[in-house]
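Residue-level listing of the chains:
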Amino acid sequence: MPMASVTLLWVGEVMSAVPLKNDKPVEAGVRTVTVLGATGSIGDSTMDLLRGAPGRYRVEALTANSNVEGLAKLAREFDARFVAVADTARFGELKDALAGSGIECGVGESAIIEAASRPTDWLMAAVSGAAGLKPALAAVDRGTTIALANKECLVCAGDFFMQRAAKAGACILPADSEHNALFQALSSGNRDELTRVIITASGGPFRTWAAADIENATLAQALKHPNWSMGRKITIDSASMMNKGLEVIEAACLFALEPEEIDVLVHPQSIIHGMVEFSDRSVVAQLGTPDMRTPIAHCLGWPERIAGPAVKLDLASIGQLTFEAPDFARFPALRLAYDALRTGNGATTVYNAANEIAVAAFIAEKIRFGAIARLVEATMNDWVRAGNLAPLSSADDAIAVDHNARNMAASLLPQIAAMAS
Ligand code: NAD
Ligand code: MG
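Residues numbered from 1 in each chain as written. Chains lettered and ligands numbered in written order. Predicted model: local features only at pLDDT ≥ 70, side-chain atom pairs only at ≥ 80, totals over all residues. Heavy atoms only, no water.

Q: I would appreciate a short explanation of the overall build of the protein chain in the present structure.
A: Helix and strand counts for the protein chain stand at 18 helices and 13 strands. Its C-alpha atoms give the protein chain a radius of gyration of 21 Å, near enough to 22 Å, the size a compact globule of 421 residues would have. With the C-alpha coordinates of the protein chain rotated into their principal frame, the extents come out at 60 × 55 × 45 Å. Out of the 421 residues belonging to the protein chain, those deemed buried represent 54%. At a minimum sequence separation of 6, the contacts of the protein chain that also span at least 24 residues come to 67%. (Helix = DSSP H or I, 4+ residues; strand = E, 2+ residues; numbered from the N terminus. Rg over C-alpha atoms; globule rule 2.2 N^0.38 Å. Buried < 20%, exposed > 50% of the residue type's maximum accessible area, 1.4 Å probe, protein only. Contact = heavy atoms within 4.5 Å.)

Next comes the structure, spelled out in structure tokens:
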């Protein structure tokens with residue numbers, strides 16, 4: 001039993017697979033690792049950390065959607081044992097790119113799942129979107145330690161994901177910066193002493209914009225995040241504050257919290273990432289320069305600390321940290337996340353699925369920026385009206401809801417696109 005001496009987070013009768021304490025001696029020697037989504041922004045930060053500690057880690061498997069060139073380059077550099085691309089049309093290209101290297105390769109969703117299933121000590125789940133759910137579950141089922149960046153997979157599967165992880169003895173380490181901050185702060189008290197968590201939000205590029213300007217924001221404007229450099233989808237989600245909505249749901253799932261226990265605070269400098277308030281009114285925060293390599297390094301080194309490459313925090317030169325309440329009227333995506341969480345029964349799956357359709361439509365210039373949240377809201381309303389709410393009791397349930405909600409969102413798309421704001 002690999003996790004026998006790890007204390008997991010307990011909330012009443014609910015056990016979450018987030019570890020609170022690890023009394024297990026840290027094994028010396030080489031740790032085996034797999035990175036799902038190795039060619040993305042989180043993948044890149046993860047590979048950078050691995051690169052910085054030669055000899056400490058051995059790469060078992062790396063995956064990507066379609067970037068064969070980037071994947072093959074990483075596979076050769078790290079001498080991976082197995083690589084997989086999701087795009088089935090790229091198999092020939094991948095084989096050619098790895099010719100003579102002895103690296104095994106696969107293609108399609110089943111190969112991504114195979115990469116996740118291969119035994120390792122640690123896995124980074126950094127696929128973008130609900131497409132990451134099945135591979136993440138494959139890693140969960142082998143009871144390994146998983147650094148979870150892919151928030152959509154949690155939002156899609158709901159409580160079911162964490163319960164399955166707890167049953168399998170998997171350790172889920174939150175890699176998202178806000179949740180990693182909460183994870184670090186949580187160990188200052190017991191779960192029953194926690195009164196509230198606060199996740200911060202930069203406010204994105206449209207923080208100070210009027211609603212009418214947000215409505216018609218262009219793709220280029222939405223892709224200009226003030227503080228963080230990230231993949232396209234999450235950058236657009238940050239501009240709509242859908243990302244913060246997903247993170248509210250992510251926090252609820254990871255730490256078994258009620259919606260009332262999760263607050264969002266706009267903090268434009270992105271220095272404080274998350275805070276936990278305890279019953280004595282102490283608030284414990286985690287701070288750092290906005291660099292994803294810090295929370296990823298925390299997950300990679302856990303339960304120890306390893307050297308991180310981020311720029312040192314210099315508060316004197318930053319001078320001022322400022323805070324604002326979130327504006328639910330200009331950023332309805334955030335309000336919808338709380339609605340979805342309170343509704344339960346698959347509503348968070350619908351929220352995420354509709355958003356994935358909406359973001360793809362916005363990138364394809366089929367809808368205005370303001371229509372992203374409108375499509376999500378219309379899909380959620382129609383879903384409830386059609387009597388589709390039902391508890392999720394398996395991954396297949398979540399995947400079916402995700403599939404049907406995408407179809408519903410796609411069918412609502414033309415009327416939402418035509419609607420005046
Ligand atoms: P990205 O778009 O830069 O990279 C996504 C990775 O997943 C790529 O390697 C891509 O090839 C792969 N991928 C995409 N679709 C796939 C599919 N259908 N099948 C298999 N692989 C697929 O995204 P990112 O910014 O690195 O974000 C990854 C995840 O981490 C997202 O869930 C995001 O919300 C989360 N996250 C990202 C950041 C960040 O700073 N970038 C911070 C916190 C959380
Ligand atoms: Mg985040």
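Q: Explain helix α16 (residues 347-363) to me, please; I cannot follow it from the model alone.
A: The α-helix advances 3.6 residues per turn, and as a result positions three or four apart in sequence lie on the same side. In this model, α16 (17 residues) spans 24 Å end to end at C-alpha, consistent with the 24 Å of a helix rising 1.5 Å per residue. The buried fraction of α16 amounts to 14 of the 17 residues, a majority that puts the element mostly inside the structure. Of the residues one or two after α16, E365 is the one with positive phi, at around 60°. (Expected span 1.5 Å × (residues − 1).)

Q: Any chance you could explain the pattern of salt bridges here in plain terms?
A: Two side chains of opposite charge can pair, provided their charged atoms sit close to one another. On inspection of all chains with the given rule, the structure shows 32 salt bridges. The partner of R58 in a salt bridge is E60, and the shortest N-O contact between them spans 3.2 Å. The partly exposed category is assigned to R58, whose relative accessible area is 24%. Looking at E60, the relative accessible area reads 8%, which means it is buried. Salt-bridge contacts for K233 lead to D237; the nearest nitrogen and oxygen are separated by 2.8 Å. Pair noted here: K233 and D237 are both in helix α11 (residues 232-240), with a separation of four residues, about one helical turn. Under the relative-accessibility criterion, K233 is labelled buried at 14%. A residue is classified by how much of its surface remains accessible, and D237, at 1% relative accessible area, is buried. (Salt bridge = Lys/Arg side-chain N within 4 Å of Asp/Glu carboxyl O.)

Q: Explain the nonpolar core here, please?
A: Considering soluble globular proteins, one finds that nonpolar side chains tend to be buried as a cluster. Core analysis: the biggest nonpolar cluster contains 137 residues, and L62, M124, F161, I172, Y351 and F369 have the highest contact counts within it. Here this core spans two domains, since at least three of its residues come from each of domain 1 (3-180) and domain 2 (207-236 + 327-421). In this view, F369 contacts F206, I214, E215, A217, A222, I236, A239, S240 and F362; residues no more than four positions away in its chain are not counted. (Core = buried A, V, L, I, M, F, W, Y, C linked by side-chain atoms within 4.5 Å. Domains from an automatic or database assignment.)

Q: Before we go on, may I ask you to explain the sheet that holds strand β10 (residues 194-201) in this structure?
A: The strands making up a sheet are joined through hydrogen bonds of the backbone, oriented either antiparallel or parallel. Judged by pairing direction, the sheet is mixed, and its four strands sit side by side in the order β11-β10-β12-β13 without closing on themselves. Each edge of the open sheet is held by one strand with a lone partner, namely β11 (262-266) and β13 (283-287). Sheet twist, expressed as the average angle between the axes of neighbouring strands with direction ignored, equals 20°. The sheet contact formed by strand β12 (residues 272-278) and β13 spans five bridges and is antiparallel. In the sheet register, G274 faces β13, and the bridge partner there is Q286. (Pairing = 2+ DSSP bridges. Axes fitted to C-alpha atoms, helices over the stretch in contact; angles between N-to-C directions.)

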